[in-house]
Amino acid sequence: MISARTLRDPTMLRIGSVVAVLVLWEVLGRLDPIVASYPTAIVAAFVELAFVDNTLWPAFATTLQGLVVGFAISSVLGVAIGFAMGRIRLVDLILDPYVSALYATPRIALVPLLVLWVGIDFELRVTIVVLSSIFPIIINTYIGAKSVDRELLDTGRAFAANGWQMLTTVVVPASIPYLFAGLRIGVARALVGIIVAEMTAAVTGTGQLIIQYGRFFQTDKLFVPVIILGLFSIVLAEVVYFLQRRATPWANVERIR
Amino acid sequence: MLDIQHVSKSFGRVAQPVLDDFSLTAAEGEFVSLIGPSGCGKTTLLRIVAGLLPATSGDVTVAGVPSVGPSRDKAVVFQHFNLFPWRTTLANAAYGLEIQNVPKQEREERAMRWLRMLGLEKYAHHYPGEISGGMRQRVGIARALAIEPKLLLMDEPFGALDALTREHLQGELQKIAEQTSLTILFVTHSIDEAVYLSDRIVVMGTHPGRIIREFAVDLRRPRYDYNFRAEPEYAQIRGEIWGMLERELAEDEERSDAAEDTTPMETPA
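Residues numbered from 1 in each chain as written. Chains lettered and ligands numbered in written order. Predicted model: local features only at pLDDT ≥ 70, side-chain atom pairs only at ≥ 80, totals over all residues. Heavy atoms only, no water.

> Would you mind showing me how to read the pairing of strand β8 (residues 183-188) of chain B here?
Regular strands place their side chains on alternate faces of the sheet. Residue and element names in this part refer to chain B. Along β8, 6 of the 6 residues are buried, which leaves the element largely enclosed by surrounding structure. Alternating residues of β8 divide into T183, L185 and V187 and I184, F186 and T188, and every residue in both groups is buried. Two elements, strand β7 (residues 151-155) and β8, share 5 bridges in a ladder whose sense is parallel. In the strand pairing of β8, M154 is matched with F186. Read from β7 through helix α6 (residues 163-179) to β8, the crossover connection turns out right-handed. (Buried < 20%, exposed > 50% of the residue type's maximum accessible area, 1.4 Å probe, protein only. Helix = DSSP H or I, 4+ residues; strand = E, 2+ residues; numbered from the N terminus. Pairing = 2+ DSSP bridges. Right-handed = clockwise from strand over helix to strand, strands pointing away.)

As structure tokens, then:
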């Protein structure tokens, strides 16, 4: 029986739900461990991979390296291109066909071509991360730059701000919420991109680990990188959210009100 | 100080101009209000004087210099305050000085002086989202005054505020006008506000936007420390302007009715 009090403080309900699923998984998983494994076996596999034969962290570090470098490039470039397109009509007209076309293309389809161009290692990871994440960043920044409140633009102009000052004091701060929306989507896409690229082309990395364990029906081990990636993507989203709150203290005020 | 000569403004291909051959001058330190029904072009005129909008024809001169764009001589106070939500009260007030590349410490000191005068020093580090509408417009006024303009342009600055706050800020604005030699061009739709604040009231009509008549307001200053509404002159000016605006609205309706009569009726197929 779920009382009104439980619904007001849902922590117990959440924990209960998770525990129930874990228990169910444990029971059903033991029936045929190759199909779905079970939580205690996965924990044991995690301990083995992480602390005994030390395969998990090097693979994860390889993925992380590509992700960080690629996402850094794509953030800087994406934001710059987004603002340039949003503010300079010529740049918009020149770049728009490519941005629109590439945004619509499944970037993963480019992996075989990228292998030809940059190989299967670090460069591939960086390239696929950039291709996966830069377009949502460009497009969101562009929308932000385009949708700055006209009255605020007037205000900047009324105080005789020049073009550069308009950009730094009005357009960029007004676009920050959009910019972060782009970064949030971008970081999620980047993670998907790099894992798929590692699964299809690379011989190292977290994605490759998943493929290997799958091939050898080591289902318990297979779940380890999958769960690590799941937790990692939550951490990434939180990091972006944290940075957004730090960058927009005024928005916190309005959220509270 | 302010010299507006034969300014006209049309938008797009619409035949009727929003403003038609508008001329007005204001002396240094003078407080001039523009009043008229909506659509009479008073805000358009203010935006042209501010340099935010080009006139189709005519000239605007501020302190002897042709005014073709925004400049340091002019500052605008907007109807909807237009504070930057990401700037604190102090940073908003110092905005104009920042644009003029005044060093940080100096601009904050100068902005702070105005904030103190407007009773906002306690809220210097608050964001606009944390303060009331009346306080926000005080910040808007401080931001405009901080650049020490010669001409202050105010576009229905108190229109979005409640009656009590409005009256309070009107009093403060009078004090500021007294202490400085600011020339103020003030757009309003409140006759009471115009009479309270102005040296001169310009009544405008619509279609096209133009001056109907000018009134000098000779009520004794300062007007905030006696009941100016009890003076016979107040009632007289108020009545005259009211009648004028009513006639203008009625005539405007007739004009648009007449215009409608000339358009062919739509016949059902």
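> Mind showing me how you'd approach the interface of chain B and chain A here?
Chain B puts 27 residues into the contact, and the matching count from chain A is 21 residues. With a closest N to O distance of 2.6 Å, R47(B) and D154(A) form a salt bridge. Counting every contact that joins chain B to chain A gives 6 residue pairs in polar contact (both at pLDDT 80 or more). Only β6 (74-77), α3 (95-99) and α5 (133-146) of chain B provide two or more residues apiece to the side of chain B that touches chain A. Among the elements that make up the side of chain B that touches chain A, the one with the highest residue count is α3(B) (4 residues). A breakdown of the residues in the side of chain B that touches chain A according to their chemical character gives 13 nonpolar, 7 polar and 7 charged. (Contact = heavy atoms within 4.5 Å. Salt bridge = Lys/Arg side-chain N within 4 Å of Asp/Glu carboxyl O. Polar contact = N/O pair within 3.5 Å; in protein donor to acceptor, adjacent residues only side chain to side chain. Nonpolar A, V, L, I, M, F, W, Y, C, P; charged D, E, K, R; others polar.)

> Sorry, what's going on with the sheet that holds strand β4 (residues 57-62) of chain B here?
Note on sheets: strands pair through backbone hydrogen bonds, and any given pair is parallel or antiparallel. Residue and element names in this part refer to chain B. The 4 strands are arranged β2-β1-β4-β5 in an open sheet whose pairing can be described as antiparallel. The outermost strands of the open sheet, each flanked by one partner alone, are β2 (19-26) and β5 (65-66). One ladder, built from 5 bridges, connects strand β1 (residues 2-9) with β2; its direction is antiparallel. Its bridge partner lying in β2, L2 is registered against A26. Set on the sheet, helix α1 (residues 42-50) makes contact with β1, β2 and β4; between it and β1 the angle comes to about 120°. (Axes fitted to C-alpha atoms, helices over the stretch in contact; angles between N-to-C directions.)

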